Amino acid sequence: MIQKITRHAFTIITIAIVCILISANGLSNSNKIKVDSLSDRYKDLFHLGAAINQDIIFGKDVQSLNIVTSEFNSITPENSLKWLYLQPSPNKFNFIAADKYVALGIKNNMNIVGHALVWHNQLADFMKNTSSSAAFTNHVKNHIHTVVSRYKGKIDAWDVVNEAFKEDGSLRPSVFKKQMGENYIEDVFKLAETADPDADLIYNDYNLYKPAKRAGVLKMVKKLQDNGIKINAIGVQAHWRLKSPSLNEIEQMILDISAAGVDLMFTELDITVLPNPWELVGAEVTQNFSKFEGDPKMDPYPNGLPKEIEIQLAKRYKDIFKLFMKHQDKISRVTFWGVIDQYSWLNDWPIKGRTNYPLLFNREYQPKLAYKTLANLIEN
Ligand code: 9MR
């Protein structure tokens, strides 16, 4: 009898425990809030991307890689697809990093950007030393054909030409202009289109919020359009500061570019929080700022970002994104130039060895206030 009662009691207790576990589990499931990634939140507005370096591409920086694959839906190679690395000597291509980069984008179903086909920087030395114009042009044809065809149907958009204009809106006297002539931009856009007719073709540059430079670029766009040459978008680099450009300047730029009948992509967004030597010494870009290296006045936050600056940065990102949201019909992508502050190019430019904080993730791979502010701009 006692045995029977004990058996019953045991059964009842077991059933009770199972019920408690089931209901607790149900409760926790119903309480679980799914938190969307940043790119999920903005997915109905525009692609949200990040530029990724070699360590991310090769999976050495796993934490950054995890941020990229979970938070962004577009990638740009920070350096790996530049001419110097793809074709360092004539017709000797190295596709190891580029293949890995493209495979990463495909695996994660991302929008994949190619950066950049024609640029006077990070160009192979042999191109700078080629004396015959015909040979130079053949190298350009070969480069564009080989690289763009290899990733046909895989790379969604190409920065075909990067930084071809001077601040006054005239064509930069680059080696491309010197060797291929005034119409080289048209020629290389045609070459890119032939190699992959379906890829979006972009002209990419900085300081386009400045009217004179923008006017020069938009004149070129019109020339291409008038001649029936495909150009899909203007890439606005957006290496900006806490206080400039003004929101009015940015808005005018958005309106003007859109009115030219091309798409607008913010291709390289970051915001420096450090003092700018140009403000101190004028506006000559080629100026050497090495005299400021190690100057504590120019590197005020080596041990961490003060709260009030972090708040200013978040507010600046918020203001900019509100503008982007207002004009989302004209903007198809916003890409940050990097993932965590530690590896931003802005730690070394325009003064080497500073500690900058321009991005959405800090040196501990944690989302900053700026990230949270942008996430909260859009309801979960
Ligand atoms: O972020 C890139 C940095 O690692 C390179 O050293 C630098 C060389 O010029 O290029 C940086 O990326 C540039 C991009 O390719 C074009 N627009 C300006 C970017 C910042 O300089």
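Everything numeric in this text was worked out from a predicted model, so none of it was measured.

> So, the packing of aromatic side chains: which residues are in play, and what are the values?
A complete count under the given rule lists 18 aromatic pairs for this structure. Judged by centre distance (5.8 Å) and plane angle (15°), the ring pair of Tyr42 and Phe46 falls under stacked. Both residues of the pair, Tyr42 and Phe46, count as buried. Linked through ring pairs, Tyr42, Phe46, Phe72, Trp240, Phe266, Tyr317, Phe321, Phe324 and Phe336 together constitute an aromatic cluster. Geometry around Tyr206 places Lys213 over its ring, the cationic atom sitting 3.7 Å from the centre. A cation sits over an aromatic face here: Arg363 above Tyr357, 4.9 Å from the ring centre.

> Break down empty space enclosed by the protein for me, citing the residues and quoting the values.
One pass over the structure, following the stated rule, counts 3 cavities of 30 Å³ or more. Roughly 50 Å³ of internal volume is contained in the largest cavity. Taken together, Ala51, Asn53, Ile56, Ser64, Glu78, Gly338, Val339, Ile340, Tyr343 and Ser344 make up the full set of residues lining the largest cavity. Grouping the amino acids of the lining of the largest cavity by side-chain chemistry returns 5 nonpolar, 4 polar and 1 charged.

> Break down the layout of surface pockets for me, citing the residues and quoting the values.
By volume, the second largest pocket amounts to about 260 Å³. Surrounding the second largest pocket, Phe165, Gly169, Leu171, Glu182, Asn183, Ile185, Glu186, Gly216, Lys219, Met220, Lys223 and Leu224 form its lining. Listing elements by their share of the lining of the second largest pocket, those giving two or more residues are helix 10 (184-195) and helix 11 (211-226). Among the elements that make up the lining of the second largest pocket, the one with the highest residue count is helix 11 (5 residues).

> Go over the nonpolar core with me, naming the residues and quoting the values.
Soluble globular proteins tend to bury their nonpolar side chains together. Counting 105 residues, the largest nonpolar core has Trp158, Trp240, Phe266, Phe321 and Phe324 as its most contacted members. Examining the composition of this core, we find that 8 residues originate from one element, helix 14 (residues 307-326), more than from any other. Beyond its immediate sequence surroundings of up to four residues, Phe324 is in contact with Phe46, Trp240, Ile254, Phe266, Leu269, Ile331 and Val334. Within the second largest apolar cluster, 5 residues are counted, among which are Trp278, Phe289, Phe292 and Met298.

> Break down the pairing of strand 5 (residues 200-205) for me, citing the residues and quoting the values.
For a regular strand, side chains alternate in direction, first toward one face of the sheet and then toward the other. Burial of strand 5 is extensive: 5 of the 6 residues sit out of reach of the surface. One ladder, built from 5 bridges, connects strand 4 (residues 157-162) with strand 5; its direction is parallel. Among the inter-strand pairings, Trp158 is bridged to a residue of strand 5, identified as Leu201. Examined bridge by bridge, strand 5 and strand 6 (residues 233-236) share 4 bridges and lie parallel to one another. Paired with Tyr203 across the strands is Ile234, a residue of strand 6. The parallel pair strand 5 and strand 6, bridged by helix 11, forms a crossover whose chirality is right-handed.

> So, the pairing of strand 3 (residues 111-118): which residues are in play, and what are the values?
Of all 8 residues making up strand 3, 8 are buried, and the element is well covered by its neighbours. Of the strand pairs in this sheet, strand 2 (residues 74-77) and strand 3 are connected by 2 bridges, and their pairing is parallel. Bridge pairing in strand 3 links Ile75 to Ile112. By the bridge criterion, 4 bridges tie strand 3 to strand 4 in an arrangement that is parallel. By the bridge assignment, Gly114 is partnered in strand 4 with Trp158.

> Now, about the site of the ligand: what can you tell me, with residues and values included?
By nearness alone, 13 residues border the ligand, and Glu78, Lys82, His115, Glu268 and Trp337 come closest of all. One nitrogen or oxygen atom from the side chain of Gln237 is found 3.1 Å from a nitrogen atom belonging to the ligand. One nitrogen or oxygen atom from the side chain of Glu268 is found 2.7 Å from a nitrogen atom belonging to the ligand. Residue composition of the shell around the ligand, grouped by class: 3 nonpolar, 6 polar and 4 charged.

> Lay out the packing of helix 14 against helix 15 (residues 369-377) with the relevant residues and their values.
It is the contact of helix 14 with helix 15, at a shortest axis distance of 8 Å, that shows an interaxial angle of 30°. The orientation of helix 14 relative to helix 15 falls into the category roughly parallel. As for how helix 14 packs across helix 15, the hand of that crossing is right-handed. Note on element contacts: helix 15 touches helix 14 through Leu369, Ala370, Thr373, Leu374 and Leu377, opposite Glu310, Ile311, Ala314, Tyr317, Lys318, Phe321, Lys322 and Met325.

Parameters and conventions
- Residues numbered from 1 in each chain as written.
- Predicted model: local features only at pLDDT ≥ 70, side-chain atom pairs only at ≥ 80, totals over all residues.
- Heavy atoms only, no water.
- Phe/Tyr/Trp six-rings, centres within 6.5 Å; stacked < 30°, edge-to-face > 60°.
- Buried < 20%, exposed > 50% of the residue type's maximum accessible area, 1.4 Å probe, protein only.
- Lys NZ or Arg CZ within 6 Å of the ring centre and 35° of its normal.
- 1 Å grid on protein atoms, 1.4 Å probe; cavity = no way out; pocket = protein on both sides within 12 Å on 5 of 7 lines; lining within 4 Å.
- Points joined across faces, edges and corners; volume = space filled by probe spheres on them.
- Nonpolar A, V, L, I, M, F, W, Y, C, P; charged D, E, K, R; others polar.
- Helix = DSSP H or I, 4+ residues; strand = E, 2+ residues; numbered from the N terminus.
- Core = buried A, V, L, I, M, F, W, Y, C linked by side-chain atoms within 4.5 Å.
- Contact = heavy atoms within 4.5 Å.
- Pairing = 2+ DSSP bridges.
- Right-handed = clockwise from strand over helix to strand, strands pointing away.
- Near = heavy atom within 4 Å.
- Polar contact = N/O pair within 3.5 Å; in protein donor to acceptor, adjacent residues only side chain to side chain.
- Axes fitted to C-alpha atoms, helices over the stretch in contact; angles between N-to-C directions.
- Parallel < 35°, antiparallel > 145°, perpendicular 65-115°, else oblique.
- Left-handed = near helix turned anticlockwise from the far one by under 90°.

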